[in-house]
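Close look at the chain arrangement
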Amino acid sequence: LVDSLPDGLLVINETGLIQLCNEQIELLFGYPRATLIGQPVHMLMPENLRERHAEHIARYFLNPTVRPMNLAQTLAGQHRSGRTVHVQIILGPLVSTHGVLGLAVVRRITNGPRS
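Right, let's walk through the structure included here. (Residues numbered from 1 in each chain as written. Predicted model: local features only at pLDDT ≥ 70, side-chain atom pairs only at ≥ 80, totals over all residues. Heavy atoms only, no water.)

Here's the deal with the side chain of Asn22
Inspection of the secondary structure puts Asn22 in the loop between β2 (18-21) and α1 (23-29). At 2.9 Å, the side chain of Asn22 and the backbone oxygen of Asp7 are in polar contact. (Helix = DSSP H or I, 4+ residues; strand = E, 2+ residues; numbered from the N terminus. Polar contact = N/O pair within 3.5 Å; in protein donor to acceptor, adjacent residues only side chain to side chain.)

Quick look at the packing of aromatic side chains
On inspection of all chains with the given rule, the structure shows 1 aromatic pair. Aromatic pair Tyr60 and Phe61: ring centres 5.7 Å apart, planes at 85°, arrangement edge-to-face. Note on Tyr60: relative accessible area 8%, which makes it buried. The exposure class of Phe61 is buried, given its relative accessible area of 16%. (Phe/Tyr/Trp six-rings, centres within 6.5 Å; stacked < 30°, edge-to-face > 60°. Buried < 20%, exposed > 50% of the residue type's maximum accessible area, 1.4 Å probe, protein only.)

A short note on the pairing of strand β6 (residues 99-108)
Bridge count for strand β1 (residues 8-12) against β6 is 5 bridges, and the pairing is antiparallel. Its bridge partner being in β6, Leu10 is matched across the sheet by Ala104. One ladder, built from 10 bridges, connects strand β5 (residues 84-96) with β6; its direction is antiparallel. Bridging from a neighbouring strand, Ile90 pairs with Val105 of β6. What sits between the antiparallel neighbours β5 and β6 is a turn of 2 residues. (Pairing = 2+ DSSP bridges.)

So this is what it looks like as structure tokens:
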């Protein structure tokens, strides 16, 4: 089911570790799924943004709601090759038997600046 979605799907726990991802995430970021599971989600971000991201995750899990991430600017991810990938992300809580997880729907933006 998750691989049939047209957008990328990431599920992370409260410490920011990837619990699940779909095929679109593999294609978007260039990593095999087996490499991503259990890794910190910030590995998909440009290095200059990684340190602050842990704070954002902690704040999100204090009040997990459905919301888009920063609509005021284009968000950037980092492909395995090092190139920048411009994305839109919508967050939402996923209540499970393991507690609340974070669900991120990731869509590539093709009209953003290229790197």
